[in-house]
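Fold and geometry: a report
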Amino acid sequence: MDDDPEPRLRVGSVPYLVGRPLDAGLERVPGLVLRRAIPAELVADLRSGALDVALVSSIELFRRPGYRWIGGLGVLGDGPVSSVQLFLRRPPAELERVALDPASRTSAVLARIVLAQAHGVRPEFVEVEPGADPREATADAWLRIGDAALRERLSEPDLESLDPSLEWKRLTGLPFPFAAWIVRPGIDLAPWLAHFRASRDLGRREAGSFADRAAEGLGLSRDDCRHYLLEECRFDADDRMAQALVRFRDLAAAIGQCEPDLTPTAIA
Ligand SMILES: C=C(O[C@@H]1C=C(C(=O)O)C=C[C@H]1O)C(=O)O
């Protein structure tokens, strides 16, 4: 807006519990407009310029040139992550057709990598229509992410599933970087950077209450949601995040899922 005296930053984040420890503190920053949407939409909005920064699928860093990311912050797994699951109707080695969650970009690639590398299979992957349920598709397995996956995993313990983050950890010894704060080309983030770091500090203090509130909304136990958010998910990264991103890029590029030679810089 021409007559807006405030500098403005348009920020996107995921609509899932996993985003809260990083984004909740941005809700009341003057001049910063926060919008939550599924990852696939956030990626489209970053590309079109409708968003300046988004907490979104790490694979996007390697699909377009010119991005940067905020160093040290992200959504990572360092072992199991209950909100990203490949639910199985057949054993992994027998999969021929896998339905993908249309909201996902990164986990859809991670599933391909772990099935090929750890189970020796390259099934056909089908992306269902936006908003459709991958469980309804005719397939041997379905990938789901976010709160719906968390609820499905925790409330249907008899469902067989494969945990892609855990399999990545076994394969590489590294944490898996699901999401980063991705900054589109041409944005000066310097005036805003401290808010992103302060938001993480607030998230650290409030994570338990975010988990409790989500448990209520999702009809899950507080203990399960706290275990998920406080034990399984990581939000601070050391230099292993950069290392893990490069490893992810290389394995993804080897199966044609991203560019092989993009190395976006981290904003210190
Ligand atoms: C752990 C998660 O990480 C996410 C997975 C994403 C993806 O698959 O593209 C994108 C952002 C994160 O929300 C989750 O959504 O449950």
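Treat the numbers as computed from the prediction; the structure is a model and nothing was measured.

1. Focus on helix α4 (residues 146-155)
Listing the buried residues of α4 in full gives G146, D147, A149, L150, E152 and R153. Those residues of α4 that are buried are in contact with β6 (84-88), β9 (141-145), β10 (160-162), α6 (193-218) and α7 (222-232).

2. Thoughts on the site of the ligand
Taken together, 15 residues sit near the ligand, with S57, S83, S104, T106 and S107 positioned nearest. Here the ligand, which alone exposes 380 Å², has 100% of that area covered by the protein. Elements with a minimum of two residues in the shell around the ligand: α3 (106-119) and β11 (176-183). Split into classes, the residues belonging to the shell around the ligand amount to 8 nonpolar, 6 polar and 1 charged.

3. A few points about the environment of S57
In this fold, S57 is placed in strand β3 (residues 53-57). With relative accessibility at 6%, the residue S57 sits in the buried group. A sequence separation of 19 residues divides S57 from I38, and the C-alpha atoms of the two residues are 10.0 Å apart. Contact partners of S57, with chain neighbours within four places excluded, come to P39, V43, R105, T106, F178, A179 and I182.

4. A few points about the pairing of β3
For β3, the tally of buried residues reaches 5 of 5 residues, placing the bulk of the element in the interior. When strand β1 (residues 9-13) meets β3, the two strands line up parallel, connected through 2 bridges. Considered in β3, the bridge of V11 is made with V53. As judged from the 5 bridges shared by β3 and β11, these two strands associate in the antiparallel manner. Bridge assignment links A54 to a residue of β11, and that residue is I182.

5. A short note on the domain arrangement of the protein
As assigned here, the protein comprises domain 1 (9-78 + 178-255 + 263-267) and domain 2 (84-172). Counting the surface lost from both domain 1 and domain 2, the interface buries some 2,200 Å², and carbon and sulfur atoms represent 73% of this. Where domain 1 meets domain 2, there are 1 salt bridge. The interface formed by domain 1 and domain 2 includes 5 residue pairs in polar contact (both at pLDDT 80 or more). For the side of domain 1 that touches domain 2, the secondary structure elements donating two or more residues are α2 (39-48), α7 and α8 (240-254). Grouping the amino acids of the side of domain 1 that touches domain 2 by side-chain chemistry returns 17 nonpolar, 3 polar and 5 charged.

Cut-offs used in this document
Residues numbered from 1 in each chain as written. Predicted model: local features only at pLDDT ≥ 70, side-chain atom pairs only at ≥ 80, totals over all residues. Heavy atoms only, no water. Buried < 20%, exposed > 50% of the residue type's maximum accessible area, 1.4 Å probe, protein only. Helix = DSSP H or I, 4+ residues; strand = E, 2+ residues; numbered from the N terminus. Contact = heavy atoms within 4.5 Å. Near = heavy atom within 4 Å. Areas by Shrake-Rupley, 256 points an atom, 1.4 Å probe, with all protein chains shown as cover. Nonpolar A, V, L, I, M, F, W, Y, C, P; charged D, E, K, R; others polar. Pairing = 2+ DSSP bridges. Domains from an automatic or database assignment. Buried area = accessible area lost by both parts, 1.4 Å probe. Salt bridge = Lys/Arg side-chain N within 4 Å of Asp/Glu carboxyl O. Polar contact = N/O pair within 3.5 Å; in protein donor to acceptor, adjacent residues only side chain to side chain.

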